[in-house]
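Single-letter residue listing:
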Amino acid sequence: NAGVTQTPKFRILKIGQSMTLQCTQDMNHNYMYWYRQDPGMGLKLIYYSVGAGITDKGEVPNGYNVSRSTTEDFPLRLELAAPSQTSVYFCASSYWDSTYGYTFGSGTRLTVV
Amino acid sequence: AQRVTQPEKLLSVFKGAPVELKCNYSYSGSPELFWYVQYSRQRLQLLLRHISRESIKGFTADLNKGETSFHLKKPFAQEEDSAMYYCALRPANAGGTSYGKLTFGQGTILTVHP
């Protein structure tokens with residue numbers, strides 16, 4: 001029972017490079033989310049999805065893109081990495097009713113230099 | 001729009017002392033409140049939900065709609081309680097695609113000294 005799996009765990013990017021953060025869940029959750037965690041700023045929602053083929057912007061979407069072709073996968077794309085994107089990224093999933101909470105991945109620590 | 005505020009970034013107590021992590025929110029509708037915890041080198045996990053009125057690991061939290069607060073309390077802190085704690089809010093009846101989305105506070109790092 002893997003839950004939410006994120007890869008990679010760590011990555012260093014140069015300014016202007018691109019990368020995709022992978023997120024997969026095996027719980028058949030409808031909803032999936034991407035958050036970034038910055039010191040003293042808490043968790044900010046980047047993008048979310050309520051089902052395959054449906055995505056929407058969160059609080060801080062600039063510089064990111066997402067897609068949701070299957071229920072299981074919700075990759076986050078950084079097209080032109082900038083130092084401001086240095087952060088820890090968390091993927092999470094939940095049922096449509098998140099009363100029972102989110103299941104989080106272990107996070108990806110990204111540094112842009 | 002909803003907002004969650006945790007006024008303390010850092011909180012230090014000694015083992016056996018009471019601890020209270022503050023959480024205030026602003027939301028015009030009916031909220032559901034949660035506390036999440038992140039222990040060192042572990043992923044974020046749900047600690048407790050206000051609707052279940054439960055006590056988890058000795059922690060309790062009461063939703064005070066008059067003061068718009070959801071403070072997390074424990075009468076006797078333990079060293080293993082040291083972690084990052086996040087308060088989060090979800091609109092209870094938002095409907096549509098807003099349903100399910102959590103708004104998190106800034107987090108409080110709790111350190112329990114021996």
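Here the structure is a predicted model, which is why all the values come from computation and not from measurement.

Chemist: Now, about the overall build of chain B: what can you tell me, with residues and values included?
Modeler: In terms of helices and strands, chain B carries zero helices and 11 strands. The helix and strand sequence of chain B, counted from the amino end, reads β-β-β-β-β-β-β-β-β-β-β. Taking 114 residues into account, the globule formula puts the C-alpha radius of gyration at 13 Å, and chain B, at 14 Å, falls close to it. Counting over 114 residues, chain B shows a buried share of 44%. Considering only contacts within chain B whose residues lie at least 6 apart along the sequence, 60% involve residues at least 24 apart. Taken as a whole, chain B presents about 5600 Å² of accessible surface, with 50% of it coming from carbon and sulfur. Here chain B contributes 14 positively and 9 negatively charged side chains, and the mean placements of these two sets differ by 7 Å.

Chemist: How would you summarise the state of the cysteines if you had to cite specific residues and measurements?
Modeler: Residues and elements named next belong to chain A. Using the criterion set out here, one finds two disulfides over all chains in the structure. Covalent S-S linkage joins C23 and C91, the inter-sulfur distance amounting to 1.8 Å. Looking down the S-S bond of the C23 and C91 bridge, the torsion is -70°, so its handedness is left-handed. Taken together, the positions of C23 in strand β3 (residues 19–25) and C91 in strand β9 (residues 87–94) put the pair 68 residues apart, joining distant regions of the chain. Overall, C23 belongs to the buried group, its relative accessible area being 1%.

Calculation rules
Residues numbered from 1 in each chain as written. Chains lettered and ligands numbered in written order. Predicted model: local features only at pLDDT ≥ 70, side-chain atom pairs only at ≥ 80, totals over all residues. Heavy atoms only, no water. Helix = DSSP H or I, 4+ residues; strand = E, 2+ residues; numbered from the N terminus. Rg over C-alpha atoms; globule rule 2.2 N^0.38 Å. Buried < 20%, exposed > 50% of the residue type's maximum accessible area, 1.4 Å probe, protein only. Contact = heavy atoms within 4.5 Å. Areas by Shrake-Rupley, 256 points an atom, 1.4 Å probe, with all protein chains shown as cover. Lys, Arg positive; Asp, Glu negative; His and termini not counted. Charge placed at Lys NZ, Arg CZ, Asp CG, Glu CD. Disulfide = S-S within 2.5 Å.

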